[in-house]
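A closer look at the structure
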Amino acid sequence: MNFITSEILKRFIEQDKRKFEGILSELVKRLILSSCQSASNVRMPGRADVWAPGFDGIIENQKRTTYVADGKSVWEFGTNSDSLSKIDADYKKRTNHPLGIEKSTTTFYLVIPKVWAYDNKGMSISQWEAEHKEDWRDVYVYDASKLCDWLTSEPAVCAWLFEQFGEGKYLGFSTVTGGWTSFSNRTKPPLTSSMFLVDRQNEVLEFKEKLTQKMCRVKADTFFDAYGFCLSALMQDPETNNRVIVVNSETAYFELVRFHKNGLFLLSFPFTGQVSDDNNTILCYSKESPASSDMVVLPVLWKSQFTKALRDMGLSEAEASECYSFTHGNLLSLIRRIPGNSADTRPKWTDASEVMSLYPIIFLRQFSAKNVIEKRVLEMISASTYADLESKYESFLRMEDAPIKRIDDSLL
C-alpha cells in the first residue's frame, strides 16, 4: 500500500519549491528519528537553517535499519531541476573535501526528490553507487521512489508532509497536531487543551503509562471529551506526539495495521472491532460504554473548571457562565451553544435514518416499557412493532447526544 507517489512529491515541489527545499532535510530527519531507535547525534538543519555550512546532515546510528546504515553517515540533499548534476557535484566536493570525516568508515547518502532514470552515461542508481563507493564505506542515492517507500513505512511522517502542503484531508489519518487542529477548530474561538486537562494531572500520568499496552482505553462523559483529552495529553509530549498516528476511519485503521508494526494509533471514532496484535491502539469511550478496571476514567468537570476553560478560550466571565447554565458542562451541547460558533449546529441524531421513530415519544412525552397499553399506543402511532421500536430506541440511547433517556423502566 502506497500513501504517496513520486508524482505527489513532484506536485509538492511545483506548488512551493522554496518551501520544499526548506523541509526536505527536516523530512528525512523525521524519517530517521522515527525509524531508527538507536540514532544519536543527529545534526540535520532544516527550513531557514539549510544554508548552514558543512554536510547537510551527519548522524550516528548504532543499529542498522532498512534505510540507514549503522555507524556514522553523512547526507546531502538536492532539489535542483538537474538533480543528477547536483549529485555528481556534491559527491566530488565532499569526497575531495570531507571536512574531517573519516571516509572509509562513513556512509554517504545523496537524496533527491525526483525519480532517477539514468544519468547521462546511462547508469542506473545501483551502477552509479557501485562506481562511486571506493572512497567511502558505502554510497547510496535515495531518489523519489526510495523516499516514497520510506514514507509509506512511516505513516506519521507521511501525514506530516501532507499537512505541510495543506493536503492532510486526503489521507485517512493525520499527525496529532493535524488531528488537534481539526478537532479544536470545531468551535469559534477554538477549544484549548485546558478544557480537557484542567485538574486531570493524575489521569494524564495514568494515560501515558498505559500507552505501552496493546489497548489504552479512555472513558469520559462523552466520546468527544475522551478524544479531546487524548489529543491534549499527547500534545504535551513531543516524542510521543511525533510517532502517534490519528486514524479517522475503520478502513484506514485496517489498512495501516495490515503492513505497519509497533505503531501507536489513536482512533478518532468509536470502535468495537478487534484491535491489532502488532500495534498499540488508543480507544475512546463515552459514559454509555460499560466500565472496565483497565480504563482511564475522566472525572466530569466542575462548574469552576468548565468556566475557567471557557475563559482560557477567550470568552468573558458572563459568556462562560451562560454557556454552563445552558450546557451543564456537556461538551456536545457546548459546541452548539458557544458564541460565534458555526460548526456542528445540529445534533448528530437528527441525521439518523430512523429519526421518525421518535415521533411516538414526542407525542406521549414518556412511556413505560412495562405498561402494555402504552406499548400498544406506540405501535399504533408508528405503524410498527414494539420490538422494532425498542431496537431503534436502543440505538438512540447509545448516542452521545441522545434525544431520549431512560429512567428505570421509562423512556422520555
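Below: a short report on this structure. (Residues numbered from 1 in each chain as written. Predicted model: local features only at pLDDT ≥ 70, side-chain atom pairs only at ≥ 80, totals over all residues. Heavy atoms only, no water.)

Secondary structure summary: the chain contains 18 helices and 14 strands in total. In the chain, which comprises 412 residues, the share counted as buried stands at 49%. Within the chain, residue pairs in contact and separated by at least 24 positions form 63% of the contacts whose partners lie at least 6 positions apart. Surface accessibility of the chain: about 20600 Å² in total, with carbon and sulfur atoms responsible for 50%. (Helix = DSSP H or I, 4+ residues; strand = E, 2+ residues; numbered from the N terminus. Buried < 20%, exposed > 50% of the residue type's maximum accessible area, 1.4 Å probe, protein only. Contact = heavy atoms within 4.5 Å. Areas by Shrake-Rupley, 256 points an atom, 1.4 Å probe, with all protein chains shown as cover.)

Quick look at helix α14 (residues 317–327) now. Within the sequence span of α14, burial applies to Ala320, Cys323, Tyr324 and Thr327. Relative to the axis of α14, the buried residues are bounded by an arc of 95° and lie together on one face. Looking at α14, the residues exposed on the side facing more than 90 degrees away from the buried face are Ala318 and Phe326. Backbone geometry just downstream of α14 places His328 in the positive-phi region, at approximately 50°. (Arc of directions from axis to C-beta.)

Pairing between sheet strands relies on hydrogen bonds along the backbone, with the strands arranged either parallel or antiparallel. Reading across the sheet, the five strands line up as β1-β2-β3-β4-β5 and stay open at both edges, with mixed pairing between neighbours. Strands at the two margins of the open sheet, each flanked by one partner only, are β1 (39–43) and β5 (138–142). The sheet shows a mean angle of 20° between the axes of neighbouring strands, taken without regard to direction. Summarising the sheet, strand β4 (residues 106–111) and β5 pair through five bridges and their orientation is parallel. The partner of Thr107 across the bridge, within β5, is Asp138. Docked against the sheet, helix α2 (residues 17–35) engages β1, β2 (57–61), β3 (71–77) and β4, running at close to 155° with respect to β3. (Pairing = 2+ DSSP bridges. Axes fitted to C-alpha atoms, helices over the stretch in contact; angles between N-to-C directions.)

Ordered by their spatial adjacency, six strands build an open sheet running β6-β8-β9-β10-β7-β11, and the pairing between neighbours is mixed. The open sheet has two free edges, formed respectively by β6 (173–174) and β11 (296–297), since each of these has just one partner strand. Pairing of strand β9 (residues 264–267) with strand β10 (residues 280–285), which is carried by three bridges, proceeds in the parallel orientation. Residue pairing for β10: Phe265 is matched across the bridge by Thr281. The strands touched by helix α10 (residues 223–235) are β7 (215–219), β8 (244–247), β9 and β10; relative to β10, the strand with the most contacts, the crossing angle is about 140°.

Summarising the element assignment, Lys210 is placed in helix α9 (residues 201–210). Glu206 provides the closest opposite charge to the buried, salt-bridge-free Lys210, at an N-O distance of 4.3 Å. Apart from residues no more than four positions distant in its own chain, Lys210 is found in contact with Met215, Cys216, Asp294 and Val296. (Lys, Arg positive; Asp, Glu negative; His and termini not counted. Salt bridge = Lys/Arg side-chain N within 4 Å of Asp/Glu carboxyl O.)

All right, on to the state of the cysteines then. Taken as a whole and assessed by the stated rule, the structure comprises zero disulfides. Take Cys216: it sits in no disulfide, and the sulfur closest to it among the cysteines is that of Cys230, at 6.4 Å. The class of Cys230 is buried, set by a relative accessible area of 0%. (Disulfide = S-S within 2.5 Å.)

Another point: the pattern of salt bridges. This structure, assessed with the given rule, holds 17 salt bridges. Where Asp388 meets Lys392, a salt bridge forms, and the shortest distance between an N and an O atom there is 3.1 Å. Highlighted residues: Asp388 and Lys392, both in helix α18 (residues 386–397), separated by four residues, approximately one helical turn.

Glancing now at the pairing of β9. Residue alternation in β9 divides its side chains into two sets, Leu264 and Leu266 and Phe265 and Leu267, and both sets are buried. Two strands pair when backbone bridges link them, and β8 and β9 are joined in this way by four bridges, in the parallel orientation. Note that in β9 the partner of Ile245 across the bridge is Phe265. With respect to chirality, the unit in which β8 leads through helix α12 (residues 250–259) into the neighbouring parallel β9 is right-handed. (Right-handed = clockwise from strand over helix to strand, strands pointing away.)

These figures capture arrangement, not role.
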